[in-house]
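Close look at the chain arrangement
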Amino acid sequence: MRHIDDTERRSRLAVRHGLHPAHRLTDPVAVTHAMTVLHATEPATVHLAVRARADGVSPESVDRALYEERSLVKQIAMRRTLFVFPRDLLPAALGSAASRVAAEQRRIIVRDVERHGVADDGGAWVDAATRAVIAHLATTGPLAARELREQVPELTGTFTVSPGKKYGGTFQIAPRVLTLLGAEGRIVRGPNAGHWRLGRPTWTLMDSWLGEQPRPLPTEEGYAELVRRWLRTFGPGTVEDVQWWLGSTKGAVRAALEAVAAVEVGLDRGQVGWVLPDDVDPVAPPEPWAALLPTLDPTTMGWKGRGFYLDPEDVPYLFDTNGNAGTTAWWDGRIVGAWVQDDDAAVRVVLRADVGAAGRAALDAEATRLTAWLDGVRIANVYSSALMRQARLP
């Protein structure tokens, strides 16, 4: 059995993820294909993830791919997370990971509609609400969630949870219905009504936005294609890595690995990983490199087992308790810290490890490059890590 050690795994991510300067990619679409998908929970992550991997791109070029060319599409899929997909991967996601999310969302909405007295028949209420949204968007074009709620009476409804608790309150059901329709691939996030660093989505019909309705693949084929892309981007990985990324069952992962004829390889610490059958040849280590990645970056979030690029002692400083990553600073294939911005929007690196003079100089150069690219724009992060928050203290 071929053994792929941690050093080679770090070399693979440097080259294939476009993070090494000698392996930069050309444009937003090339970056998204290389990474399989981009995390989009925080809107700025999409633009910053592309910037880290492609020279000569601007925020406007990312927006153009998303909203004018529509070669990239935002889609709820794995783990009920919002991603940016290349268009050709949508059928696989809609038939597998997104379909799984849609079924679960429908079940929850039906339950809560009945539990909170919105309607006696939750299934009938959901059917009426979804039909009304589709019919309304067919006549109006893109609308924000608030506009839809105000204009579509069938979306009216609230539920109250944990009254008196910090995390409790009264919530509209309408956003859940839109999430359901999005997971089903019937509607999609269209033009963004705000600055690129902010999420102000409008919703529109998928077939209207793309000029066609993507036809979902059968479930098994969809999972197989997602796993094939994941292995090309992140392989080798363990069954647990793939299961976590997909948000699926272990059985679905094993079936997909078999469908793509994945090959077992040995990993450090006695683990077993998987690669595609044409991907067993060694990858030579590139020269040392530095990178500054955004919150929830696809490289940082690509594996469940992160020990080959992250010191376990640093996890509480760089990830929240749900495993969401803040900004990260990388030196030669390892996460060594985070980055923040000062009051003048200049990027500053905050280290958790000694990287030596060469590492410090390379990271400072990356900070200068990112500062120039941002051009005075300050990024607000929902998923600020402990290290990021501490760095902002006086």
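What comes next is a walk through the structure. (Residues numbered from 1 in each chain as written. Predicted model: local features only at pLDDT ≥ 70, side-chain atom pairs only at ≥ 80, totals over all residues. Heavy atoms only, no water.)

1. Remarks on the overall build of the protein
Convention followed: Think of it this way: any DSSP run of H or I at least four residues long counts as a helix, any run of E at least two long counts as a strand, and we number them from the N terminus. Restricting the calculation to C-alpha atoms gives the radius of gyration, and the globule rule supplies 2.2 Å times the number of residues raised to the power 0.38. Type-normalised accessible area, obtained with a 1.4 Å probe on protein chains alone, sets the label of each residue: buried when under 20%, exposed when over 50%, and partly exposed for intermediate values. For accessible areas, the Shrake-Rupley method is used with a probe of radius 1.4 Å. Any residue's cover is judged against the shown protein chains and nothing else.
Each helix and strand in the protein was counted, giving 16 helices and 15 strands. In terms of overall dimensions, the protein is globule-like: its C-alpha atoms have a radius of gyration of 22 Å, near the 21 Å expected for 394 residues. Residue burial in the protein is summarised as follows: out of 394 residues, 54% are buried. By element, 50% of the accessible surface of the protein is carried by carbon and sulfur atoms, the whole surface being about 16,900 Å².

2. Some points on the layout of surface pockets
What counts is decided by this rule: Put simply, the grid is 1 Å and covers the protein atoms alone, a cavity is a trapped set of points that fit a 1.4 Å probe, a pocket is an open set with protein on both sides within 12 Å along at least five of seven lines, and lining residues have an atom within 4 Å of a point. Grid points are joined across faces, edges and corners, and a volume is the space filled by probe spheres set on the points.
Space inside the largest pocket adds up to approximately 840 Å³. Contributing to the lining of the largest pocket are 37 residues, with Thr-41, Ile-76, Arg-80, Thr-81 and Leu-82 lying nearest its centre.

3. Some words on the environment of Val-349
Worth spelling out the cut-off: The criterion used for residue contact is that any of the two residues' heavy atoms lie within 4.5 Å.
Along the chain, Val-349 falls in strand β15 (residues 347-351). Take Val-349: its relative accessible area is 7%, and that puts it in the buried class. Taking C-alpha positions, Val-349 is 9.0 Å from Arg-360, a pair spaced 11 residues apart along the chain. Excluding residues within four positions of it along the chain, Val-349 makes contact with Leu-292, Ala-329, Ala-338, Trp-339, Arg-360, Leu-363 and Ala-367.

4. Some details on the packing of helix α6 (residues 97-115) against helix α7 (residues 122-140)
Operational definition: Between N-to-C directions, angles span 0 to 180 degrees; the directions come from axes that are lines fitted to C-alpha atoms, helices contributing only their stretch in contact. Left-handed describes a crossing whose near helix is turned anticlockwise from the far helix through less than a right angle; right-handed describes the clockwise counterpart. Classes in brief: Ala, Val, Leu, Ile, Met, Phe, Trp, Tyr, Cys and Pro nonpolar; Asp, Glu, Lys and Arg charged; the others, Gly included, polar.
Viewed as axis vectors pointing N to C, α6 and α7 meet at an angle of 115 degrees, and their least axial separation amounts to 8 Å. Considering how the two elements wind past one another, α6 and α7 form a crossing that is right-handed. Touching Arg-106, Ile-109, Val-110, Val-113 and Glu-114 of α6 are Gly-122, Gly-123, Trp-125, Val-126 and Asp-127, all from α7. Here the residues of the contact of α6 with α7 sort into five nonpolar, two polar and three charged.

5. Overview of empty space enclosed by the protein
All chains considered together, the criterion is met by two cavities of 30 Å³ or more. Computed from the structure, the largest cavity encloses a volume of approximately 40 Å³. In terms of lining, the largest cavity is formed by Arg-9, Arg-12, Leu-13, His-17, Thr-233, Phe-234, Gly-235, Pro-236, Trp-303 and Phe-308. For the lining of the largest cavity, the elements supplying multiple residues, two or more each, are α1 (6-16) and α11 (219-234). At three residues, α1 tops the list of elements feeding residues into the lining of the largest cavity. Per-class residue counts for the lining of the largest cavity are five nonpolar, three polar and two charged.

6. Considerations on the packing of aromatic side chains
The geometry of an aromatic ring pair is captured by the separation of the ring centres together with the interplanar angle, meaning the angle of the planes. To keep it simple, the criterion reads: Any pair of Phe, Tyr and Trp rings, taking the six-membered ring for Trp, is counted once the centres come within 6.5 Å. Such a pair is stacked with planes under 30 degrees apart, edge-to-face with planes over 60 apart, and tilted for the rest. In our convention, an over-ring charge means Lys NZ or Arg CZ found within 6 Å of a ring centre and within 35 degrees of that ring's normal.
The final tally for this structure, using the stated rule, is nine aromatic pairs. Ring geometry for Phe-83 against Phe-85: centres 6.3 Å apart, planes inclined by 85 degrees, an arrangement best described as edge-to-face. Phe-85 carries the same exposure label as Phe-83, and that label is buried. A centroid spacing of 5.4 Å and a plane angle of 55 degrees characterise the contact between Trp-303 and Tyr-309, whose relative ring orientation is tilted. Taken together, the ring pairs connect Trp-230, Phe-234, Trp-289, Trp-303, Phe-308, Tyr-309 and Trp-330 into an aromatic cluster. Above the plane of the ring of Trp-209 lies Arg-70, whose end atom (NZ or CZ) is 3.5 Å from the centre. A cation sits over an aromatic face here: Arg-306 above Trp-244, 5.2 Å from the ring centre.

7. Some remarks on the environment of Arg-228
Along the chain, Arg-228 turns up in helix α11. In this structure, the C-alpha to C-alpha distance between Arg-228 and Gly-333, residues 105 residues apart in sequence, is 23 Å. Ignoring anything within four residues of it in the chain, the contact list for Arg-228 reads Val-260 and Leu-276.

8. Here's the deal with the sheet that holds strand β11 (residues 272-275)
Selection criterion: The pairing criterion for strands is at least two bridges between them, as found by DSSP.
Strand order in the open sheet formed by three strands is β1-β10-β11, and the pairing between neighbours is mixed. Whereas interior strands pair on both sides, the edge strands pair on one side only; in this sheet they are β1 (3-4) and β11. In this sheet, strand β10 (residues 263-267) lies alongside β1 in parallel orientation, the contact comprising two bridges. Considered in β10, the bridge of His-3 is made with Gly-266.

9. Describing the pairing of strand β13 (residues 328-331)
Here β13 shows no split at all, with Thr-328 and Trp-330 on one side and Ala-329 and Trp-331 on the other all buried. Inspection of the sheet shows strand β12 (residues 290-293) paired to β13 by four bridges, in the antiparallel sense. Its bridge partner lying in β13, Leu-292 is registered against Ala-329. The loop that links β13 with its antiparallel partner strand β14 (residues 334-341) comprises two residues; one of these, Asp-332, has a positive phi angle of about 50 degrees.

10. Digging into helix α15 (residues 356-374)
This is how the line gets drawn: One less than the number of residues in a helix, times 1.5 Å, gives the span that helix is expected to have. Taking the helix axis as origin, the arc is that swept by the directions to the C-beta atoms.
Taking 1.5 Å per residue as the helical rise, α15 with its 19 residues ought to reach 27 Å, and the 27 Å between its terminal C-alpha atoms agrees with that figure. Gly-359, Leu-363, Glu-366, Ala-367, Leu-370, Trp-373 and Leu-374 are the residues of α15 that are buried. Relative to the axis of α15, the buried residues are bounded by an arc of 125 degrees and lie together on one face. Among the exposed residues of α15, those pointing more than 90 degrees away from its buried face are Ala-357, Ala-358, Thr-368 and Ala-372. The inward-facing, buried residues of α15 abut α3 (43-53), α4 (59-68), β12, β13, β14 and β15. Asp-375 occupies a position one or two residues after α15 and carries a positive phi of about 55 degrees.

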